[in-house]
Every structure is written in structure tokens, then in C-alpha cells.
Amino acid sequence: MPRQPRLIVAGYPHHIILRGNNRSAIFYNDQDRRFFIACLKAAKEKTKSKIYAYCFMTNHLHLLLEPCSKDGIGDMMQSLGRRYVRYINQTYKRTGTLWEGRFKSSLVSKDEYLLACARYIELNPVRAKMVNHPKDYPWSSFAFRAEGRPDELLDEDPVYKGLGKTPQERQTNYKEWFERSIPKEELSSIRNAVQKGGIFGNKGFFDRVAQLTG
């Protein structure tokens, strides 16, 4: 049975999840994460993509990225697979695949849905009970968006930029918005969209995507 084609639209954000095979670790220590970041940065520059949010857990990772072409995400994942998997296999004397099949993805609209998706990504370590607050987890985009920590991997998304005229104002407003209660349906909507390769946005965005993709 042929694979269902991915819903990829250039110039729009996509929520990406990449898991370890059989939920095995893809990062064994901080050195691995640093090497992965170097690989991801090179792949981002090569494909001229933008990365708005991320979280690197132990056995999976989340990215919120915007490709400049329809093939941008696939090209990034191929580049990461070649370089990072080779590094893991050589470092830990292993063979075979590292990833659990294809990456999962969903299309995200450029409005409050994008902020909600970023919050979902940055709250992963809290939901996993690894930390009490995302500021305590060093391998996510929270410190960049909420505290102004420099991060060469990241770009400011257009919705985040609209939170204030200065970096300090944007950080303050982001933290205030981040601490608001999360609607129950928000979590299920994000999860369903990325698991099914769908869309996270309102009906108007669904209609716009239908026009763009035919």
C-alpha cells in the first residue's frame, strides 16, 4: 500500500516529531545533543529553513520549523539522518537504524496556534516530570523565547515578534501568556494533528491550505 503523501506547504510552520526506534534513546548525553545541534544548524542553513521552537528529549525530539521549499523538510531530515546516525553508530559501536520510521508532521497556522504549538513543545520536559518548569530544562527553545538567551539555531517567528516592540517586552509577554491555563482540547488537537499528518489551525486556515494545495 503506497504511503500517504505528506502535507508540506513552503513558507508555513510545521510541527515535527522524530522518535527513536522502539522508543530507544537518540541522545545518550549532552555531547550527543550538542553534535545534533551542529548537524541541525548545518541542515537548516543548507535548506534555507527557519526554526522557531525545539525540544530534545531522551528518546524523541520536537521541532517547529518553516521550510522555504516543499522539499525542505525532507532534505533536512535526510541530512540529519546521514550525519547524526553515522556519529551515533561510530561513537557507540552500534549498527542499524536509529529512528522509528518516518518523522511525523503537521502544518501550523501563523497565529495563536503557532504560539500554542511552541508552548506544547517547550512543556514536554514538564509533562514527562523531568523538571518542574521549562526554564530548568536546557535543551529547549524556552530560554530563547522567554528569557532572551542567545541561540544561533532559532529564528523569531512572526507571531512572537508581534508580542512587543522590544526583545524585553516580547519575553515578558511570552512568559505571561505561557503561564495561562491551557484548554484541554488544545493538547488533543496538537497531538491528533501531528499523529495524522494534518493541520493545527482554525477553519479559515483549513480553507486556505485547500486552495494552496488544490
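Report on the accompanying structure. (Residues numbered from 1 in each chain as written. Predicted model: local features only at pLDDT ≥ 70, side-chain atom pairs only at ≥ 80, totals over all residues. Heavy atoms only, no water.)

**Structural notes on the overall build of the chain**
Counting secondary structure elements, the chain contains nine helices and five strands. What you see for the chain is a C-alpha radius of gyration of 17 Å, in line with the 17 Å of a compact globule of 214 residues. In terms of overall dimensions, the chain has C-alpha extents of about 50 × 45 × 35 Å along its principal axes. For the chain, buried positions account for 49% of its 214 residues. Look at the contacts in the chain between residues 6 or more apart in sequence, and 74% of them connect residues 24 or more apart. Charged side chains of the chain number 36 positive and 23 negative; the gap between the two group centres comes to 6 Å. (Helix = DSSP H or I, 4+ residues; strand = E, 2+ residues; numbered from the N terminus. Rg over C-alpha atoms; globule rule 2.2 N^0.38 Å. Buried < 20%, exposed > 50% of the residue type's maximum accessible area, 1.4 Å probe, protein only. Contact = heavy atoms within 4.5 Å. Lys, Arg positive; Asp, Glu negative; His and termini not counted. Charge placed at Lys NZ, Arg CZ, Asp CG, Glu CD.)

**Some details on helix α7 (residues 167-178)**
Across its twelve residues, α7 extends 16 Å between first and last C-alpha, which sits within 8% of the 16 Å expected from 1.5 Å per residue. Of all the positions in α7, only R170, Q171, Y174, W177 and F178 are classed as buried. Across the axial projection of α7, the buried residues extend over an arc of 135°, all falling on one side. More than 90 degrees from the buried face of α7, the exposed residues found are Q168 and E176. In this structure, the buried residues of α7 make contact with α3 (112-122), α5 (142-147) and α6 (158-161). (Expected span 1.5 Å × (residues − 1). Arc of directions from axis to C-beta.)

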